[in-house]
Amino acid sequence: MNPLSSTDTAPYSRAARQAGASQGAVLLLGSSLTVMGAVMIAPILPKLAADFVPANPRLAALVPLVATGPALAIALCAPLAGWLADRVGRKMLLLLATLVYGLVGAAPAWLDSFTAILVCRFALGAAEACVMTCCTTLIGDYWHGEQRVRYVNRQVVTIGVVGTIFFVLGGAAGEHAWRYPFYLYLLPILLIPAIAALLWEPLRHGRPAEPGDGGTPLSGCKLASTLAIGYLLICVGMVSSFVVPVQMPQLMIDIGQHSSTMIGAVSGIGLLSTLAGSIAWPWLRDALGRRFVNVALLVLLAVGLYLLASANTVPAIVVAVVIHGFGGGMLVPNAILPLMRRLSLAIRGRALGGFTAALYLGQFLSPLVVLGCAQAFGGLRPAIVSIASGTAATALLWLLPAFRSRGDD
């Protein structure tokens, strides 16, 4: 029987009725592990460099990979993680990946080799790819309809809240020594008993079609088209989204604001505005339709970047960061929604693994795109304007589909 056309929805319905707040809490907390990859470590990079670079100056160029390496590993490993989730099962992969995540995440606290630390950071990214893919896939497996939409949104909000908390915790722990923040990676191991006790493996019930989600599962050309559009949107959106957190500190220094406290405060405002966008997303989606929200969020990203490139005062930068962050907060839930609605249980892991890869590929590419545009257009500010222009052009591409239909498919 073709899993994409099966009409046996009973196993799925039974799983959907069983899923509740406890399963949701485990999956939301598990999803938030991925944000720990860079935010806890970025504040301690100067201290880590001070420990290793004097003895080997060539390591100076590799130190940033301690923070960015996991994102590259996620982009490379997420498709494999999705394939494993469909073949081996979501629950077992999530259990193993969470254990590996905690162990390799904390390992640098005891290591004296920079090469070994870098290897652990890439291994952490591979584990993150499995955790994020499994948690997102299980949200799609356990819930459908508006319940699924709510949990997709809660996932984004939880990641933002946890990211803010661990940004503060990582900075505080790093005040004493660069090794201390790595101990925080042991905390996710506490989730393993809850994963084992509260979650179940949907694939053991069979591979039914999706009931009541606004359309039959896709296959063939329509499936490929839906995936390509979703992957393109999240990748382009993440390239634009990551310009602000990565480049904003340098712009503040350029206007004479060297206070790390002030730079951190503006970064915090950006995180809060991203959370605000995520919280507002369900209402905007209901009011405008998903396709118009795509247009709106891309326009907000473009306007925020243009204002950031034009800003010469701290208040002007804050305005730009708020506008940009609000748009960025709607990006992930709006891009993943049609995939959640139209993917069958049989291929959901692989498809969402590709989505995770596109998301983190955009994060990794963002600084490289800025660097290339800066070389081509003569500086950081013109580079940001060029990315803003590209984002605005992408928004125009969504106008015609938005006028054709306001549906969520």
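Report follows, based on the coordinates.

The rules behind the values
- Residues numbered from 1 in each chain as written.
- Predicted model: local features only at pLDDT ≥ 70, side-chain atom pairs only at ≥ 80, totals over all residues.
- Heavy atoms only, no water.
- Axes fitted to C-alpha atoms, helices over the stretch in contact; angles between N-to-C directions.
- Helix = DSSP H or I, 4+ residues; strand = E, 2+ residues; numbered from the N terminus.
- Parallel < 35°, antiparallel > 145°, perpendicular 65-115°, else oblique.
- Contact = heavy atoms within 4.5 Å.
- Nonpolar A, V, L, I, M, F, W, Y, C, P; charged D, E, K, R; others polar.
- Salt bridge = Lys/Arg side-chain N within 4 Å of Asp/Glu carboxyl O.
- Buried < 20%, exposed > 50% of the residue type's maximum accessible area, 1.4 Å probe, protein only.
- Phe/Tyr/Trp six-rings, centres within 6.5 Å; stacked < 30°, edge-to-face > 60°.
- Lys NZ or Arg CZ within 6 Å of the ring centre and 35° of its normal.

## A short note on the packing of helix α11 (residues 243–254) against helix α16 (residues 348–377)
Right, so step 1: Axis separation between α11 and α16 bottoms out at 9 Å; the angle between their running directions is 50°. Classified by the angle between their axes, α11 and α16 sit oblique to one another. In contact with V243, V246 and Q247 of α11, α16 contributes S366, P367 and V370.
Right, so step 2: In the contact of α11 with α16, the residues fall into 4 nonpolar, 2 polar and no charged.

## Examining the pattern of salt bridges
Right, so step 1: In the structure shown here, the tally under the stated rule is 7 salt bridges.
Right, so step 2: In this structure, D86 and R350 form a salt bridge, with 2.8 Å as the shortest nitrogen-oxygen distance. A residue pair is termed long-range when its members are at least 10 positions apart, and D86 in helix α5 (residues 65–87) and R350 in helix α16 qualify at 264 residues.
Right, so step 3: For D86, a relative accessible area of 2% gives the class buried.
Right, so step 4: With relative accessibility at 38%, the residue R350 sits in the partly exposed group.
Right, so step 5: Between D141 and R348 there is a salt bridge, with the nearest N and O atoms lying 2.3 Å from each other. With a gap of 207 residues between them, D141 in helix α7 (residues 114–142) and R348 in helix α16 connect regions that are remote in the sequence.
Right, so step 6: A relative accessible area of 0% means that R348 is categorised as buried.

## So, the packing of aromatic side chains
Right, so step 1: Applying the stated criterion across every chain yields a total of 11 aromatic pairs.
Right, so step 2: Measuring from centroid to centroid gives 5.4 Å for W110 and Y183, while their planes differ by 85°, and the two rings are edge-to-face. Taken together, the residues span a long stretch of sequence, with W110 in the loop between α6 (90–106) and α7 and Y183 in the loop between α8 (145–174) and α9 (192–198) at a distance of 73 residues.
Right, so step 3: On the accessibility criterion, W110 (52% relative accessible area) is exposed.
Right, so step 4: Accessibility expressed as a relative area gives 33% for Y183, which makes it partly exposed.
Right, so step 5: Counting every residue linked through ring pairs, the aromatic cluster contains F52, Y101, F114, W178, F182 and Y185.
Right, so step 6: It is R154 that lies over the ring of Y151; its NZ or CZ is 4.7 Å from the centre.

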